[in-house]
Amino acid sequence: MRLVLSQILFKTAMGHTIDILRGEIEKRRNQSINGSYFFSRHDINDLLTRTIIEDAIRECVKEYAVPDHQEKVVVNRIFTEGKILFGILIWKKWLPKLMHFIEHDALDSQLPLEIPRAEKIAENVGWDFAQNAQWEFLPRTLTKEMSGYHCNFRDEEILPFIGETRLGEGNFGDVFQMSVLPSQQTMFPDQVCFR
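Residues numbered from 1 in each chain as written. Predicted model: local features only at pLDDT ≥ 70, side-chain atom pairs only at ≥ 80, totals over all residues. Heavy atoms only, no water.

Asker: Would you explain the overall build of the protein chain in this entry?
Answerer: The helix and strand tally for the protein chain stands at nine helices and four strands. From first element to last, N terminus to C terminus, the protein chain shows the α and β order α-α-β-β-α-α-α-α-α-α-α-β-β. Each of the 195 residues in the protein chain was classed as buried or not, and the buried ones make up 41%. Counted over contacts in the protein chain with a minimum sequence separation of 6, partners at least 24 positions apart contribute 55%. Accessible area for the protein chain stands at about 11100 Å²; split by element, carbon and sulfur atoms hold 51% of it. (Helix = DSSP H or I, 4+ residues; strand = E, 2+ residues; numbered from the N terminus. Buried < 20%, exposed > 50% of the residue type's maximum accessible area, 1.4 Å probe, protein only. Contact = heavy atoms within 4.5 Å. Areas by Shrake-Rupley, 256 points an atom, 1.4 Å probe, with all protein chains shown as cover.)

Written out as structure tokens, the structure reads:
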């Protein structure tokens, strides 16, 4: 991973940080067994270092109406509270909406946003943000605690199943072994690995 980040830092010294980040985010895209795409929170957090965010926000100051006197504050907010949101805005090419999200205090801890709030914040892209984009960046993490109780999931949530193997039949149906993206589960901590 260090090699990749050092390559990003070298390329960003030459400019176009946002375009390079979009490409790096694309490389980290996973497909679930139902065909939905998702991004691991770990991958986004690992990719968006303070230095990379600083370079990207510097470009936003020039291109996307981030006031230059707020550059340091915006970098700090994104680094500490908004990496997932920033990843979404980069991925979808919605960076002109960045200040709207910050002004509405709609950063990572507020996600997922309901449609009316997203439309108020992001106007013409609000529906797409709430209905589609945010869910790719908010896949369900399967936790150890889940095994002790019944869990309800929202229809929009993407389950991080990346493979399945049919094992046989039981009295009530077919039995499958499911593969989960390792960084999206805490049930088996020894098997958590990050690529």
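Asker: It is not clear to me how the packing of helix 2 (residues 17-27) against helix 6 (residues 83-91) should be interpreted in this structure. Could you clarify?
Answerer: A packed helix pair is summarised by two numbers, namely the angle formed by the two axes and the spacing between the axes. Two elements in contact, helix 2 and helix 6, have axes whose closest approach is 9 Å; the angle formed by their N-to-C orientations is 100°. Classed by the angle they form, the pair helix 2 and helix 6 counts as roughly perpendicular. Each of Ile-18, Leu-21, Arg-22, Ile-25 and Glu-26 in helix 2 lies in contact with helix 6, whose residues at this interface are Gly-87, Ile-90 and Trp-91. Here the contact of helix 2 with helix 6 is composed, by residue class, of five nonpolar, one polar and two charged. (Axes fitted to C-alpha atoms, helices over the stretch in contact; angles between N-to-C directions. Parallel < 35°, antiparallel > 145°, perpendicular 65-115°, else oblique. Nonpolar A, V, L, I, M, F, W, Y, C, P; charged D, E, K, R; others polar.)

Asker: Is there a simple way to think about unusual backbone geometry in this case?
Answerer: Glycine aside, the phi torsion of most residues is negative, and most peptide linkages are trans. With an omega of 5°, the peptide bond running from Leu-111 to Pro-112 counts as cis. Positionally, Pro-112 belongs in the loop between helix 7 (98-103) and helix 8 (115-122). Positive phi outside glycine occurs at Lys-93, with the angle close to 60°. Within the secondary structure, Lys-93 sits in the loop between helix 6 and helix 7.

Asker: Quick question: what am I supposed to make of the packing of aromatic side chains here?
Answerer: The description of an aromatic ring pair uses the distance of the two centres, along with the angle that the planes make with each other. Taken as a whole and judged by the stated rule, the model has four aromatic pairs. Taking 4.4 Å as the distance between ring centres and 25° as the angle between the ring planes, the aromatic pair formed by Phe-39 and Phe-137 counts as stacked. Placement of the pair is Phe-39 in strand 2 (residues 37-39) and Phe-137 in the loop between helix 9 (126-136) and strand 3 (161-170), with a sequence separation of 98 residues. The same class applies to Phe-39 as to Phe-137, namely buried. Each ring, one from Phe-101 and one from Phe-129, has its centre 5.0 Å from the other, and the planes form 40°; the classification is tilted. Residue Phe-101 is found in helix 7, and its partner Phe-129 is found in helix 9; the two are separated by 28 residues along the sequence. Over the aromatic face of Tyr-37 sits the side chain of Arg-29, whose NZ or CZ is 4.0 Å from the ring centroid. (Phe/Tyr/Trp six-rings, centres within 6.5 Å; stacked < 30°, edge-to-face > 60°. Lys NZ or Arg CZ within 6 Å of the ring centre and 35° of its normal.)

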